[in-house]
Amino acid sequence: MHIVVIGAGVVGVTTAWALHQRGHQVTVIERLEGAGQETSKGNAGQRSYGVVYPWASAAMVRKALPWLLDRQGPLKMRMPPSLNTLRFLLDTLRFAYAPGVYGLNKRAMLRLGMHSRTCFQAIEDAVDLSFDGEHAGILHLASTPAAMTEYADTAALLDELAIESALLTPDQVREVEPGMRGDGPLFGALQYRTDGTGDCHLFSQALARACGDRGVRFLYNTTVRRLVADYHRVNAVEVTDSRGTVERIEADAVVMSAGCASPELLRPLGLHLPLYPVKGYSLTAPLVDPERAPRSTVHDDNYKVVSTRLGDRLRATGFVELADFDRRIHEARLETIRTSVASRFPGAADMDEATTWTGFRPMTPDGPPAIGRGTRDNLYLNTGHGTFGWTLSAGSAELIAQVIDGEAPALDLDPFRPGRFAE
Ligand SMILES: Cc1cc2nc3c(=O)[nH]c(=O)nc-3n(C[C@H](O)[C@H](O)[C@H](O)COP(=O)(O)OP(=O)(O)OC[C@H]3O[C@@H](n4cnc5c(N)ncnc54)[C@H](O)[C@@H]3O)c2cc1C
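The shown structure was predicted, so the numbers you read here are calculated from the model rather than taken from an experiment. Chains are numbered independently. Their residues run from 1 in the order of the written sequence. For a predicted model such as this one, the threshold for reporting local features is a pLDDT of at least 70, and the threshold for listing and counting side-chain atom pairs is 80 or more; totals across whole chains, interfaces and linings nevertheless cover every residue. To get the side-chain values, all heavy atoms of the structure are used, and hydrogens and water are removed first.

Quick look at the environment of Arg315
Threshold: Helix numbering and strand numbering both begin at the N terminus, where a helix is a DSSP run of H or I of at least 4 residues and a strand a DSSP run of E of at least 2. For every residue, the accessible area obtained with a 1.4 Å probe (protein chains only) is divided by the maximum for its type, and the residue is called buried under 20%, exposed over 50%, and partly exposed between those limits. Residue contacts follow a heavy-atom distance rule, with two residues in contact if any of their heavy atoms lie within 4.5 Å.
Looking at where Arg315 falls in the secondary structure, it is placed in strand β17 (residues 313–322). What makes Arg315 buried here is its relative accessible area of 5%. Not counting residues up to four positions away in its chain, the partners in contact with Arg315 are Lys41, Gly42, Asn43, Ala44, Asp199, Ser282, Leu283, Thr284, Val306, Ser307, Thr308 and Leu310.

Here it is in structure tokens:
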């Protein structure tokens, strides 16, 4: 089959890899100049298989208002909110308070996380990719005793799903992360032992090159304008290149992996996918003293900032901002991220030399991504991975490839069905 994948973010590229491995002829269409240039570019670098959770939770809703009122709180919303923002928040509330939904989605996402771990391993075994990847576990710090109580509940759920974790004392935390010499409050941590890190941007580019070497066609600087469909099938995608030339590319099947841009391409085919661009920020700085830097990923619950070691760089990431597609980088947000790094890893990196970045998580209002068939026989979705697209990419790619090949998928895909928002 000739399969067109729309989008060369980490989700599109892993999808192309999975489909090519199964013998399909694959064309990836990307509007930017290379792979991994949009949301997959500057994220926190965590492959947090054991952490994944739905965004829509009653506990999150309870924390949201105090976070919004706190100047350094992790949640920001542009005032007045747009209609789009309000719609997304209302949808989120609906899912957060739907009885039983959070628990089902959390378990489904964790299963997908662990499946993704296996699929990443298979990719890393099959091809030599250089992306500053590690498998050293990750830490969620507890800056209050209450946080440790919450972590104990999380550890119990992980136990139920046979996902390896450990509750650590402050001394044990310092053994795992000896570079953590700051004076931020510390009452212990939850260690996710199955998890890892890596530069998602480098990975996307390296895997795209590996795919290209094996015959996958990448059309960069090429924008999909619309899907050309009849009542049953998508027959082609209509694209424009950088010179404005319009062309139709025929396909036996199409996979939508255009991140935040997916809904606008799906809407004309009657598919309502309410993704919202949840903005976040990152700083990437060269290390000046690797001994004082994180070995892996450390989530500072005090400022809700994640510090990750990526080779000889430190990446620090934070904020959940609801401001539609506003790409401005606010200095106050960067200042909070720097404060967190200084309170945990002082002297580790040259923060004055840091590059800054902002990106948009393609978030569904409930939390799970959309993986499965769309509103035409040969239209498939693999998109909407929100906070966890790097983590879940390898597993999601394998699952959509199974669906396309008509196999029973390795996991129950019901929680991920693309049509669930129209029900
Ligand atoms: C601050 C921040 C921190 C994060 N940290 C983590 C983390 O630690 N771990 C984790 O797992 N996830 C993390 N994420 C989430 C993760 O980055 C995303 O879920 C993931 O990158 C989404 O990948 P994607 O391929 O779906 O989307 P994208 O990377 O956005 O790719 C979509 C691609 O489609 C292309 N496209 C769009 N429209 C068209 C069109 N019409 N024609 C052609 N091409 C098109 C775009 O140009 C883009 O390249 C974070 C996100 C943010 C913002």
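Digging into the sheet that holds strand β11 (residues 234–240)
Put simply, the test is: A pair of strands counts as paired when DSSP detects no fewer than two bridges linking them. Note on definitions: angles span 0 to 180 degrees between N-to-C directions of axes, and those axes are lines fitted to C-alpha atoms, for helices only across the stretch in contact.
A sheet is described by the order of its strands in space; here three strands give the open sequence β10-β11-β12, paired in antiparallel fashion. Where the open sheet ends on each side, the last strands, each with one partner, are β10 (223–229) and β12 (246–250). The mean inter-strand angle of the sheet, taken between neighbouring strand axes irrespective of direction, is 25°.

What to know about the site of the ligand
Applied cut-off: Near, as used in this document, describes a residue that has one of its heavy atoms within 4 Å of the molecule or strand being considered. Polar contacts here mean pairs of N or O atoms no more than 3.5 Å apart (in protein, one a potential hydrogen donor and the other a potential acceptor; neighbouring residues in sequence count only if both atoms are side-chain atoms). Calculation of accessible area relied on Shrake-Rupley with a 1.4 Å probe; when residues are assessed, cover is drawn exclusively from the protein chains displayed. Lys, Arg, Asp and Glu make up the charged group, whereas Ala, Val, Leu, Ile, Met, Phe, Trp, Tyr, Cys and Pro make up the nonpolar group; the residues left over, Gly among them, are polar. For each domain, the first and last residues come from an automatic or database assignment.
In the vicinity of the ligand there are 37 residues, among which Glu30, Ser40, Gln46, Gly386 and Thr391 approach most closely. Measuring from an oxygen atom of the ligand, one finds a backbone N or O atom of Val10 at 3.3 Å. In the model, an oxygen atom of the ligand is placed 2.6 Å from a nitrogen or oxygen of the Glu30 side chain. For the ligand, whose free accessible area comes to 1,000 Å², the fraction covered by protein is 98%. At the level of elements, α1 (10–21), β10, β14 (276–286), β18 (355–363) and α10 (389–404) are the ones that each hand at least two residues to the shell around the ligand. Per-element tally for the shell around the ligand: the top contributor is β18, with four residues. Residues that form the shell around the ligand fall into these classes: 15 nonpolar, 18 polar and four charged. Composition of the shell around the ligand by domain shows at least three residues from each of domain 1 (2–42 + 202–271 + 367–422) and domain 2 (62–99 + 132–195 + 276–363).

A look at the packing of α1 against α10
Worth spelling out the cut-off: These descriptions rest on fixed angle ranges, namely under 35 degrees for roughly parallel, over 145 for roughly antiparallel, 65 to 115 for roughly perpendicular, and the rest for oblique. Handedness of each helix crossing follows the sense of rotation of the near helix against the far helix: counterclockwise by less than a right angle gives left-handed, clockwise gives right-handed.
The interhelical angle for the contact between α1 and α10, taken along N-to-C directions, is 40°, at an axis separation of 8 Å. Viewed along their axes, α1 and α10 adopt a mutual orientation that is oblique. For the pair α1 and α10, the sense of crossing is right-handed. Taking contact as the criterion, the partners of Val10, Val11, Thr14, Thr15, Ala18 and Leu19 in α1 are, on α10, Gly389, Trp390, Ser393, Ala394, Ala397, Glu398, Ile400, Ala401 and Ile404. Across the contact of α1 with α10, the residue classes tally to ten nonpolar, four polar and one charged.

Section: the nonpolar core
Spelled out, the test is: Nonpolar core, defined: a set of buried Ala, Val, Leu, Ile, Met, Phe, Trp, Tyr and Cys residues in which side-chain atoms within 4.5 Å join the residues together.
Ranked by internal contacts, the top residues of the largest apolar core, which has 65 residues, are Leu19, Val28, Ile123, Leu129, Phe203 and Leu207. Residue contributions to this core peak at nine residues, all from α10. Counting only domains with at least three residues in this core, you end up with domain 1 (2–42 + 202–271 + 367–422) and domain 2 (62–99 + 132–195 + 276–363). When residues no more than four places from it in sequence are discounted, the contact partners of Phe203 are Val10, Thr14, Phe120, Ile123, Leu129, Phe131 and Trp390. Counting residues in each nonpolar core, the second largest holds 33 residues, with Val4, Trp55, Leu275 and Leu381 among its members.

Points about the layout of surface pockets
How we decide: Any residue with an atom within 4 Å of a point lines the site, the site being either a cavity, points on a 1 Å grid over the protein atoms alone where a 1.4 Å probe fits but cannot get out, or a pocket, an open set with protein on both sides within 12 Å along at least 5 of 7 lines. Grid points are joined across faces, edges and corners, and a volume is the space filled by probe spheres set on the points.
Roughly 340 Å³ of internal volume is contained in the second largest pocket. If you tally residues by element for the lining of the second largest pocket, the top one is helix α3 (residues 83–96), at four residues. For the lining of the second largest pocket, a count of residues per class yields ten nonpolar, two polar and four charged. Both of domain 1 (2–42 + 202–271 + 367–422) and domain 2 (62–99 + 132–195 + 276–363) provide at least three residues apiece to the lining of the second largest pocket.

Quick word on the sheet that holds strand β20 (residues 379–383)
Pairing is mixed in the open sheet, where six strands are placed in the order β9-β2-β1-β13-β20-β19. Across the chains shown, the open sheet's two edge strands, defined by having one partner strand only, are β9 (217–219) and β19 (370–373). Within the sheet, the average angular offset between the axes of one strand and its neighbour, ignoring direction, is 20°. Alignment of strand β13 (residues 253–256) against β20, held across three bridges, turns out to be parallel. Across the sheet, residue Val254 finds its bridge partner in β20, namely Leu379.

Some details on the environment of Thr240
Looking at the secondary structure, you find Thr240 in strand β11. For Thr240, a relative accessible area of 15% translates into the label buried. Sequence-wise, Thr240 and Leu186 are 54 residues apart; in three dimensions their C-alpha atoms are separated by 53 Å. Ignoring any residue separated from it by four or fewer positions in sequence, one finds Thr240 in contact with Asn221, Thr222, Thr223, Arg225, Thr245 and Val246.

These figures come from the coordinates and say nothing about function on their own.
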